[in-house]
Amino acid sequence: MVLTPSTMLPLGTPLPAFELAQVWGANGAVGTGEHGAAWSSTSLSAQPVLVLFLCAHCPFVKHIEPELSRLEADFGSQVQIVAISSNSTITHPQDGPEGLREQAARNSWRFPYLLDASQAVARTFHAACTPDLYLFDAAHQLVYRGQLDGSRPGNDQPLDGRDLRAAMAALLSGQPISADQQPSIGCNIKWHPEGA
């Protein structure tokens, strides 16, 4: 495990367009085996969007799973949430479709969970770690990227999502969002081995 911070994509960056296999959605598992139904960012409406780079095995992601469930309950009707796993399934098969489905089912998530098998979408976002979080406004311009809160496995800070919640609350009430944003820190995205 290599502790890795967010690259902090510039604020104002437009939401990149992408189409990926969806392995989980509002009604549970989508598709079978290694393949899910195609899910495209063009299906997003003119509402804010929260993109989460997650995976099934990372202890930093496991640590925040309860707060992600609370965020979906609190903001899911106002903010479109999309999770993406970009970890190499060559080196980390537990982050393949079945592992992602089990994780989503265990947490009762209803948001789409997508598999970035080529890792191209992670590179487009300059995603570096799990978790890596990106909040876009209704015009799909980046307004927040960084940590959920200061909580990390074993550091005894409360898991309350305060940083992301503050940004979401400000966005939804038309208030300015502070540009003083702290990077997320977690496990590095597991890139495919050279030549794979």
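Residues numbered from 1 in each chain as written. Predicted model: local features only at pLDDT ≥ 70, side-chain atom pairs only at ≥ 80, totals over all residues. Heavy atoms only, no water.

Asks: Explain the sheet that holds strand β11 (residues 185-188) to me, please; I cannot follow it from the model alone.
Replies: In sheet architecture, strand pairing relies on hydrogen bonds along the backbone and comes in two forms, parallel and antiparallel. Across the sheet, which stays open at both edges, the three strands sit in the order β1-β11-β8 with antiparallel pairing between neighbours. Edge strands, defined here as strands with exactly one partner in the open sheet, are β1 (3-5) and β8 (129-130). When β8 meets β11, the two strands line up antiparallel, connected through two bridges. Looking across to β11, one finds that C129 is bridged to N188. On top of the sheet, helix α1 (residues 59-75) reaches β1, β8 and β11; it is set at about 135° to β11, its chief contact. (Pairing = 2+ DSSP bridges. Helix = DSSP H or I, 4+ residues; strand = E, 2+ residues; numbered from the N terminus. Contact = heavy atoms within 4.5 Å. Axes fitted to C-alpha atoms, helices over the stretch in contact; angles between N-to-C directions.)

Asks: Just checking my understanding: could you explain the nonpolar core for this structure?
Replies: Note that soluble globular proteins tend to have their nonpolar side chains buried in a common cluster. By size, the foremost hydrophobic cluster in this structure holds 32 residues, and its most contacted members are L52, Y113, L135 and L164. It is α1 that contributes the most residues to this core, six residues altogether. Sequence-distant contacts of L164, defined by excluding residues within four places in its chain, comprise L50, L71, L133, L135, Y144, Q147 and L148. Within the second largest apolar cluster, 20 residues are counted, among which are F18, V82, L114 and I189. (Core = buried A, V, L, I, M, F, W, Y, C linked by side-chain atoms within 4.5 Å. Buried < 20%, exposed > 50% of the residue type's maximum accessible area, 1.4 Å probe, protein only.)

Asks: Mind showing me how you'd approach the pattern of salt bridges here?
Replies: Side chains that differ in charge, positive against negative, can pair when their charged atoms come close. Per the counting criterion, the structure on display carries seven salt bridges. For the salt bridge of E67 with R165, the shortest nitrogen-to-oxygen distance reads 2.6 Å. Residue E67 is located in helix α1, and its partner R165 is located in helix α4 (residues 162-173); the two are separated by 98 residues in the primary sequence. In this structure, E67 and R165 share a single accessibility class: buried. A cluster of three or more residues bridged by salt bridges with shared partners is formed by E67, R70, D74 and R165. (Salt bridge = Lys/Arg side-chain N within 4 Å of Asp/Glu carboxyl O.)

Asks: For this particular structure, what's the right way to read the side chain of S85?
Replies: Following the sequence through the fold, S85 ends up in strand β6 (residues 80-85). In terms of polar contacts, S85 uses its side chain to reach the backbone carbonyl oxygen of L54, at 3.5 Å. When neighbours within four sequence positions are excluded, S85 is seen to be in contact with L54, C55, D95, L100, Y113, L114, L115 and D116. (Polar contact = N/O pair within 3.5 Å; in protein donor to acceptor, adjacent residues only side chain to side chain.)

Asks: Just checking my understanding: could you explain helix α2 (residues 97-106) for this structure?
Replies: Because an α-helix completes one turn every 3.6 residues, residues spaced three or four positions apart along the sequence face the same direction. For α2, every residue scored as buried is listed here: P97, G99, L100, R101, Q103 and A104. One or two residues past the end of α2 sits S108, with phi positive at roughly 55°.

Asks: Could you clarify how one ought to interpret α1 in this entry?
Replies: With 17 residues, α1 ought to run about 24 Å at 1.5 Å a step, and its terminal C-alpha atoms sit 24 Å apart, in line with that. Its maximal kink placed at E65, α1 deviates by approximately 45°, while the proline P66 follows within four residues. All of the buried residues along α1 are F60, V61, I64, E65, E67, L68, L71, E72 and F75. (Expected span 1.5 Å × (residues − 1). Bend = angle between axes of the 7 residues up to and from the residue.)

Asks: Just to check I follow, could you spell out the environment of E19 for this structure?
Replies: Counting through the fold element by element, E19 comes out in strand β2 (residues 19-25). Residues E19 and L114 lie 95 residues apart in sequence; the distance between their C-alpha atoms is 9.0 Å. Ignoring sequence-local partners within four residues, the contact set of E19 consists of A38, W39 and S40.

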